[in-house]
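# Survey of secondary and tertiary structure
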Amino acid sequence: GGRQLPTAPLPAAGAVRALGSRTTAMVAAGLSRAPAAAEESEHSAVLLRLAAAAAAAATVGYAAKDGALRCEAGNSAPSKMQQPVLCEAALHQGSDLTMITLSIEKDRQGLLAETSDLLKSHGLDIREAKITTKDGSVQAQHVYMVKDKETSKALSTEKLEEVKKALEGLGEVECTAKAWPVYTRAEVALHKTMENRVWVTYKNGVYDITEFIANHPGGKDKILLAAGKNIEPFWRIYQQHESRSTAVGLLESMRIGDVADPLPIADLGSDPYDTDPNDRHPGLIFHNNKPCSAEVPCELVMDNWLTPIPVWFIRNHHPVPVVDPIKYRLHVEGVGTKPVSLTLEDLKTRFSKREVTATLQCGGNRRSELDKIAQTSGIPWGSGAMSNAKWGGVYLREVLMHCAGISLEGLDSSGAKHVVCHGMDDMQASIPIDKALSPFGDVLLAYEMNGEPLPAEHGYPVRMIVPGVVGVRNVKWASRIRVSLEEAEGPWQRGIAYKGFSPMQKDCTGVDVEKMLSMQEMPVQSSIVSPKEGSTTELDDIEVKGWAWSGGGRSIVRVDVSVDDGVTWTTAELGEGATQNPTRAWAWTFWEATVEIPEELKGKEVTVLCRAVDSSYSSQPENPGPIWNLRGLNCNCWHRVRVQHINE
């Protein structure tokens, strides 16, 4: 209102809160942090912006108390809602978006559209808009993520004032300005236990992550390594946190303040991923680059029964190790063993070479279908996180029994129950010892893939191949084999990453995750690769192709295909892979079917679906809803592809 502001200094970052009894509109404006040399001028700019926002909120009067600015507004135009508005502007650094949140005591029809139109009329680009409601309540929260269309950045001081004035039209406004908390790094370091709450820093923010720890996909122990510290060095290794917006957005929701004494920008040296392979096939569908996660597009899946190495799916957890084959050693040790160290040449010359054809599938394959029901945690794989190869190497059982001295008779006395494989990338996983020692388990220490030396991307010089189980147990870059009384430690075995939860379990609160059974064998699975989702056809018959596979070595005995939502089924013809041993069918089976389009569906959208039956006569569930789980694992419902039929 043009009144002179109090002379008492305002905080470097702050919030403007307008108090009302029924409705809240919160405007969180992002500011980009200036370089260290411009720190003082940026500090002043923040003060001015906060002061301007507070001043603009008032039409009459102010009062200063305890370092806060109180602005009382009167005579606002009556709004359609006929109730006061709560307006909060919190100045956050490091964002190019402004978040506008309306928390409403009693929602009404059309409010979302009205508010969206109002924001657009003020030159804002709405990047996201959503409504959340409470069960059995008329309360609602509208959230808008916006940018200024002219600058493609968060709202400037002028634009913030403009939006605030528009929001004032929703009712009478009463505003206060208060400090956004700031904490020193020493204060943050005091918060590193669950009892004292766990804080971390990221860039210039301070975050309380206590409530999230139990739900961290990488496990509680790993995230607690960063307790009271800066998480950026950890995210430098796990760069998918920043390459996908979900982690950064989730962290921002836990922000409690700013760092008073941020560390200077340091030279962190070379990127740990600089030595990763640089010839990855451009045809792959990349979900992450650091670490690399990439799936096979459906167009390439059935070109070859043995997936060509360049288009094999990739799932890495860390940078790809660089290994000198001359210096390489595989250490075998543990309960009931005679410790031994083997060179790569030892494995190739002292043992008979064995070959096993096996398909590996990531536990999260087809996770994106579960995400359509409710968001899970993990890479949103399609159906291409799966590939097939002929592996060459040494049976693990022969190394353990003939070299390390393990015997079936000695297991009872030693109590050994698991075989743990440690990778050079700090990854470890385990399998039951009866799988490792079974003459029918075909577990390999592989050094060849499709007749070629194992590529670096896929575990050179040696990796574990455990046919019939989830892909994560097939540890790459194997450096140590350990016979153990207990399963492997770490998030990939004992954490939530590969545990199957009930559809009703929305988080891990109150769950002893370590006591839950870890994933090993996987259920029967199938997928359509042709026709593609969204394709068109003028033919009255649809040619359908795909693959099927089941865990535990169970062969595929039948694949059914339907175009009328399962009212009628056509049995597919099984192709490559159909003649495998029914109890050691480690590789996928290709199939094809010709399905006639019913007269009543011609000219309409047709949903093609498939289901497989394995040698135990287990089949796939119809819908994804009953198998939804927090981690998005084992999605094996009927696979559906929509095709538009053109009736001429």
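Look a little higher up for the structure.
About the cut-offs
Residues numbered from 1 in each chain as written. Predicted model: local features only at pLDDT ≥ 70, side-chain atom pairs only at ≥ 80, totals over all residues. Heavy atoms only, no water. 1 Å grid on protein atoms, 1.4 Å probe; cavity = no way out; pocket = protein on both sides within 12 Å on 5 of 7 lines; lining within 4 Å. Points joined across faces, edges and corners; volume = space filled by probe spheres on them. Nonpolar A, V, L, I, M, F, W, Y, C, P; charged D, E, K, R; others polar. Core = buried A, V, L, I, M, F, W, Y, C linked by side-chain atoms within 4.5 Å. Buried < 20%, exposed > 50% of the residue type's maximum accessible area, 1.4 Å probe, protein only. Contact = heavy atoms within 4.5 Å. Helix = DSSP H or I, 4+ residues; strand = E, 2+ residues; numbered from the N terminus. Polar contact = N/O pair within 3.5 Å; in protein donor to acceptor, adjacent residues only side chain to side chain. Pairing = 2+ DSSP bridges.

Going through the model one piece at a time under the given rule, you end up with three cavities of 30 Å³ or more. Quantified by volume, the largest cavity comes out at close to 260 Å³. Lining the largest cavity we find 19 residues, and of these R315, R463, G471, N474 and K476 sit closest to its centre. Considering only residue class, the lining of the largest cavity consists of nine nonpolar, six polar and four charged.

What follows concerns the nonpolar core. W391, L396, L400, M464 and I481 are the most contacted members of the largest nonpolar core, which totals 79 residues. Discounting residues that sit within four places of it in the chain, M464 has contacts with L396, C421, I431, V443, L444, L445, R473, N474, V475 and I481. Judged by nonpolar contacts, the second largest core, of 21 residues, contains I542, I556, V559 and V595.

Further remarks concern the environment of N450. Counting through the fold element by element, N450 comes out in the loop between β24 (444–449) and β25 (452–453). Take N450: its relative accessible area is 23%, and that puts it in the partly exposed class. With near-sequence residues (within four places) excluded, N450 lies in contact with L306, T307, P308, I309, A389 and K390. Within the structure, the side chain of N450 is placed 2.9 Å from the backbone oxygen of T307, a separation counted as a polar contact.

Here we come to the side chain of H639. With respect to the element layout, H639 can be found in strand β36 (residues 639–645). H639 sits in the buried class, given a relative accessible area of 8%. At 2.8 Å, the side chain of H639 and the backbone nitrogen of I528 are in polar contact. Among residues more than four places away in sequence, those in contact with H639 are R366, E369, S383, S526, S527, I528, V608, L609 and C610.

Moving on, we get to the sheet that holds strand β17 (residues 314–315). As a general point, the strands of a sheet are linked pairwise by backbone hydrogen bonds and lie either parallel or antiparallel. Reading across the sheet, the three strands line up as β15-β16-β17 and stay open at both edges, with antiparallel pairing between neighbours. Two strands close off the open sheet at either side, each with one partner strand: β15 (285–289) and β17. Relative to β17, strand β16 (residues 292–295) is paired through two bridges, and the arrangement is antiparallel. Note on β17: the bridge partner recorded for A294 is I314.

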